[in-house]
Amino acid sequence: MLTRTRAPAQAPSQVQTGLGSVCLRDVGKTFAARRRGAAPVTALDGLSLDAGPGEIVAVVGPSGCGKTTLLELVCGLTEPDAGSLQAAPATLMAQRDLLLPWRSAVDNAALALRVAGIERAAARTRAAALLRDFGLEGFERARPYEMSGGMRQRVAFARTLLSGRTVLCLDEPFASLDALTRQDMQDWLAGTLATQPRTVVLVTHDVEEAIVLADRVLVLAPRPGRVVATLDVDVERPRRRTDARLVALRERALRELRA
Amino acid sequence: MMAAALVLVLLGSWEAYVRLGGIDEIVLPAPSAIATALHDDRALLWSNFTVTAGEIAFGMLVALVLGLACAVAMHFSDALRRALYPLLVSSQTIPIVLVAPLLVAWWGFDLTPKLAIVALVCFFPIVVPTLDALDRVDPDLRKLMRTFGASRWQTFRIVEAPAALPGVLTGAKLSVAIAAIAATLAELAGSDSGLGNLMLKAIPNFETARAFAAVLVLSAFSMALFGLLALAERRLLPWAHQTRGTAQ
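Residues numbered from 1 in each chain as written. Chains lettered and ligands numbered in written order. Predicted model: local features only at pLDDT ≥ 70, side-chain atom pairs only at ≥ 80, totals over all residues. Heavy atoms only, no water.

A. Fine view of the overall build of chain A. What chain A contains, in helices and strands, is 8 helices and 10 strands. Along the longest, intermediate and shortest principal axes, the C-alpha atoms of chain A span 50 × 45 × 35 Å. Residues counted as buried form 54% of the 259 residues belonging to chain A. A fraction of 70% describes how many contacts in chain A between residues 6 or more apart in sequence connect residues 24 or more apart. (Helix = DSSP H or I, 4+ residues; strand = E, 2+ residues; numbered from the N terminus. Buried < 20%, exposed > 50% of the residue type's maximum accessible area, 1.4 Å probe, protein only. Contact = heavy atoms within 4.5 Å.)

B. Spotlight on the environment of Thr125(A). All names here are of chain A. Along the chain, the position of threonine 125 falls in helix 4 (residues 120-133). Taking the C-alpha atoms as reference points, threonine 125 and alanine 105, 20 residues apart in sequence, are found 12 Å from one another. Here alanine 121 takes part through its backbone oxygen, which lies 2.8 Å from a polar atom of the side chain of threonine 125. (Polar contact = N/O pair within 3.5 Å; in protein donor to acceptor, adjacent residues only side chain to side chain.)

C. Spatial organisation of unusual backbone geometry. Residues and elements named next belong to chain A. Of note, the bond from arginine 223 into proline 224 is cis; its omega dihedral lies within 30 degrees of zero at -10°. The residue after arginine 237, namely proline 238, is reached through a cis peptide bond having omega -5°. Examined against the element boundaries, proline 238 turns out to sit in the loop between strand 10 (226-232) and helix 8 (244-258). Positive phi values are uncommon outside glycine, yet leucine 98 reaches one of about 55°. Note that leucine 98 resides in the loop between strand 6 (90-93) and helix 2 (105-109). Phi at glutamate 172 is positive, roughly 45°, even though this residue is not glycine.

D. Quick look at the pattern of salt bridges. Scanning the entire structure with this criterion turns up 26 salt bridges over all chains. Note that Asp206(A) is salt-bridged to Arg182(A), the shortest N-O span being 3.8 Å. Placement of Asp206(A) in the loop between strand 8 (199-204) and helix 7 (207-213) and of Arg182(A) in helix 6 (residues 179-195) is noted, with a sequence separation of 24 residues between them. Taking the shortest distance from any N to any O, the salt bridge between Arg142(B) and Glu160(B) comes out at 2.6 Å. You can see Arg142(B) sitting in helix 7 (residues 139-147) and its partner Glu160(B) sitting in helix 8 (residues 152-189), a full 18 residues away along the chain. Residue classification places Arg142(B) among the partly exposed positions, given a relative accessible area of 24%. Residues joined in a network through salt bridges with shared partners are Glu72(A), Arg96(A), Asp138(B), Asp140(B) and Lys143(B). (Salt bridge = Lys/Arg side-chain N within 4 Å of Asp/Glu carboxyl O.)

E. Up close: the environment of Val72(B). All names here are of chain B. Assignment of secondary structure puts valine 72 in helix 3 (residues 42-76). On the accessibility criterion, valine 72 (26% relative accessible area) is partly exposed. Remark: the alpha-carbon pair of valine 72 and valine 127, spanning 55 residues in sequence, is separated by 9.0 Å. Each residue touching valine 72, except ones within four places of it in the same chain, is listed here: Leu134 and Phe156.

F. Representation of the packing of helix 2 (residues 31-40) of chain B against helix 10 (residues 208-236) of chain B within the structure. Residues and elements named next belong to chain B. Remark: helix 2 packs on helix 10, axes separated minimally by 8 Å, with the N-to-C direction vectors making an angle of 75°. The orientation of helix 2 with respect to helix 10, classified from their angle, is roughly perpendicular. Contacts between helix 2 and helix 10 involve Ala33, Ile34, Ala37 and Leu38 on the former and, on the latter, Ala209, Arg210, Phe212, Ala213, Leu216 and Val217. Of the residues assigned to the contact of helix 2 with helix 10, the class counts are 9 nonpolar, no polar and 1 charged. (Axes fitted to C-alpha atoms, helices over the stretch in contact; angles between N-to-C directions. Parallel < 35°, antiparallel > 145°, perpendicular 65-115°, else oblique. Nonpolar A, V, L, I, M, F, W, Y, C, P; charged D, E, K, R; others polar.)

G. Fine view of a nonpolar patch on the surface. Side chains of Ile26(B), Val27(B) and Phe206(B) sit close together on the surface and give an oily, nonpolar patch of about 320 Å² of accessible area. On the basis of relative accessibility, which here comes to 37%, the residue Ile26(B) falls in the partly exposed class. (Patch = residues over 30% accessible without salt bridge, like charges linked within 9 Å, V, L, I, M, F, W, Y side chains within 5 Å. Areas by Shrake-Rupley, 256 points an atom, 1.4 Å probe, with all protein chains shown as cover.)

H. Focus on the interface of chain B and chain A. Each partner contributes to the interface: chain B provides 24 residues, whereas chain A provides 26 residues. At the boundary of chain B with chain A, total buried surface from both sides reaches about 2300 Å², with 63% on carbon and sulfur atoms. The tally of links from chain B across to chain A stands at 3 salt bridges. Counting only elements with at least two residues in the side of chain B that touches chain A, the list comes to helix 7 and helix 8 of chain B. (Buried area = accessible area lost by both parts, 1.4 Å probe.)

I. Highlighting the domain arrangement of chain A. Residues and elements named next belong to chain A. The domains assigned to chain A are domain 1 (2-11 + 18-89 + 166-258) and domain 2 (102-164). Taken together, the 15 residues of domain 1 in the interface contact 10 residues of domain 2. For the pair domain 1 and domain 2, the two sides together bury roughly 1100 Å², of which 71% comes from carbon and sulfur. Viewed at the interface, domain 2 and domain 1 are joined by 0 salt bridges. Between the two partners, domain 1 and domain 2, sit 2 residue pairs in polar contact (both at pLDDT 80 or more). (Domains from an automatic or database assignment.)

J. Representation of the side chain of Thr160(A) within the structure. All names here are of chain A. The residue threonine 160 is located in helix 5 (residues 149-162) in this model. For threonine 160, a relative accessible area of 1% puts it in the buried group. Only 2.7 Å separates the side chain of threonine 160 from the backbone oxygen of alanine 156, close enough to count as a polar contact. In this structure, threonine 160 is in contact with Thr91, Met93 and Leu168, ignoring residues within four places of it in sequence.

K. Seen up close, the packing of aromatic side chains. All names here are of chain A. Overall, the coordinates contain 10 aromatic pairs over all chains when judged by the stated rule. Relative to tryptophan 188, the ring of phenylalanine 134 lies with its centre 4.7 Å away and its plane at 85°, an arrangement referred to as edge-to-face. Here tryptophan 188 lies in helix 6 and phenylalanine 134 lies in the loop between helix 4 and helix 5, a separation of 54 residues in the sequence. For phenylalanine 134, a relative accessible area of 3% translates into the label buried. Feature note: the residues Phe134, Phe157 and Trp188 constitute an aromatic cluster, connected by ring pairs. (Phe/Tyr/Trp six-rings, centres within 6.5 Å; stacked < 30°, edge-to-face > 60°.)

L. View of the sheet that holds strand 8 of chain A. Residues and elements named next belong to chain A. Read across the open sheet, the 6 strands follow the order 6-7-8-4-9-10; overall the sheet is mixed. Because the sheet does not close on itself, it has two edges, and the strands there are strand 6 and strand 10. Between one strand axis and the next, the sheet turns by 20° as a mean value, whatever way the strands run. Judged from the 4 bridges that link them, strand 4 (residues 56-60) and strand 9 (residues 216-221) form a sheet pairing that is parallel. Counted as the bridge partner of valine 60 is valine 219 from strand 9. (Pairing = 2+ DSSP bridges.)

Here it is in structure tokens:
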């Protein structure tokens with residue numbers, strides 16, 4: 001059985017008109033063998049995931065558990081072989097910032113608006129306003145190579161928000177940053193999502209990042225990727241990393257991962 | 001500094017070798033004799049230079065237009081890529097020395113066969129780095145554009161074409177280096193003017209210094225073109241030299 005429903009792509013000009021949701025039921029995805037004679041690779045098997053409007057769902061798991069495949073499914077970059085999938089228009093933010101090196105910060109942030117056919121001046125105005133909110137005032141015209149990793153990641157996040165997609169898929173967004181910057185960026189992301197709510201599917205290796213940010217954490221096991229535990233994080237925001245409940249949840253998630 | 005010193009040493013030993021070794025200046029003129037020829041024949045050199053410079057510039061332009069069109073077509077269509085790549089490679093195995101006189105016989109003594117030969121030689125070094133740069137665009141960038149709802153054409157215009165520019169410039173720089181040889185060869189095959197033609201006429205007339213002066217003018221022009229392209233690269237693509245670390 002395979003059904004797929006996808007809400008009609010919403011023009012990025014109508015940003016923030018309601019929040020989308022994501023619903024995966026028993027989704028499977030198998031890739032054909034790369035070499036002749038090798039067995040096909042089952043990336044995901046019977047995976048279910050729900051992210052209601054405005055919810056932040058984190059997915060943690062070791063390498064090879066199909067996390068990236070999961071996000072590509074949600075973004076419509078690939079189709080499932082089995083199960084059903086419903087997703088509002090989603091966009092992807094990766095570990096690498098993927099900023100265009102020849103474009104300034106503001107033009108990178110405005111990328112999706114330009115793709116949607118919005119005029120350069122209008123797109124720049126909106127992107128510049130968001131960059132200011134993100135503490136990047138004065139760096140609007142800087143090129144990516146002139147900015148630090150944390151700044152570039154904020155530009156990438158501005159670009160993601162301005163795409164007008166109601167679902168954000170974050171693929172290890174802070175994995176390439178140093179530990180201190182990573183914590184700052186996690187706190188910053190939590191604050192940004194508090195003021196500009198989005199439905200988020202966050203994929204990460206970092207259990208603490210998942211617990212600090214998410215409403216619910218799915219623990220995946222590899223080969224084939226499947227959910228082995230679901231942890232609800234019923235802790236009010238803003239959260240402190242040292243909160244006993246968060247620490248306990250982190251221990252539990254780590255135990256599940258090692259099981 | 002080092003380069004200038006090296007050139008001076010080389011010129012000095014050349015001059016000394018010719019003077020002290022009693023070398024006939026019909027075989028090898030001394031740098032001073034070449035300098036004299038450069039000055040005395042400046043009008044002649046200039047009028048022939050403009051002909052050859054035109055052949056090089058327009059021939060490269062033709063190669064650039066056709067080469068870019070070809071690279072883009074091959075980038076968009078796998079079928080075209082499979083069909084064109086063997087032809088491209090085989091075009092490089094054509095012995096220009098042999099084909100040049102045939103093209104002259106076909107098209108006559110005017111500009112057309114020279115443009116064809118320069119373009120034929122410059123085409124390949126433009127197509128390959130351009131296509132390579134288009135292929136090396138990060139697949140994740142293409143995915144990102146798809147999640148933004150970008151069309152194939154938008155992805156090309158916004159992401160792939162700018163990313164391929166360094167490749168285009170590399171190809172153009174490689175072409176400049178060989179375009180002068182191609183133009184000279186074309187003129188040797190049949191022409192009534194140009195620096196190659198001038199060399200061809202100077203040598204049987206025992207005006208070797210004049211031929212050397214023509215070579216000097218030609219290589220100076222090539223170096224100037226190369227420098228211009230390198231400057232354009234630094235001006236237009238500052239990011240290309242400083243992105244290591246941005247996109248990993």
